[in-house]
Amino acid sequence: MSKICKITKKKTLFGNKRSHAMNSNRRKFKPNIHNHKFWVPSINKFIKIKISAKGIRQINKEGIEKIFKNYF
């Protein structure tokens, strides 16, 4: 299962976990991805997308129609 947001294109990043002694171990920074259903009035049905928390806030602010037109 890929952890990529369909709206913001956020994906898993890699970096180092540092201890107090500055030893490094590789780690992953995973985005906050959710499966979510949105009602789109123009096509009169629900769409299911994988979306990050920031993407949900973006849809709440701009509206699903504008986002749907730009990204799909």
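Scroll up to find the structure this text is about.
1. Thoughts on unusual backbone geometry
Glycine aside, residues mostly have negative phi, and peptide bonds are mostly found in the trans state. Of note in the backbone geometry, K9 takes a positive phi value of approximately 60 degrees without being a glycine. K9 gets classed as exposed once you look at its relative accessible area, which sits at 52%. Despite not being glycine, N44 shows a phi value in the positive range, around 60 degrees. Following the sequence through the fold, N44 ends up in the loop between strand 3 (33-40) and strand 4 (45-52). Relative accessible area serves as the criterion here: at 57%, N44 is assigned to the exposed category.

2. Overview of the pairing of strand 2 (residues 24-29)
By the bridge criterion, six bridges tie strand 1 (residues 13-18) to strand 2 in an arrangement that is antiparallel. Bridge pairing in strand 2 places R18 opposite S24. Connecting strand 1 to the antiparallel partner strand 2 that follows it, the hairpin turn spans five residues, and M22 within it adopts a positive phi of roughly 65 degrees.

Cut-off values and rules
Residues numbered from 1 in each chain as written. Predicted model: local features only at pLDDT ≥ 70, side-chain atom pairs only at ≥ 80, totals over all residues. Heavy atoms only, no water. Buried < 20%, exposed > 50% of the residue type's maximum accessible area, 1.4 Å probe, protein only. Helix = DSSP H or I, 4+ residues; strand = E, 2+ residues; numbered from the N terminus. Pairing = 2+ DSSP bridges.

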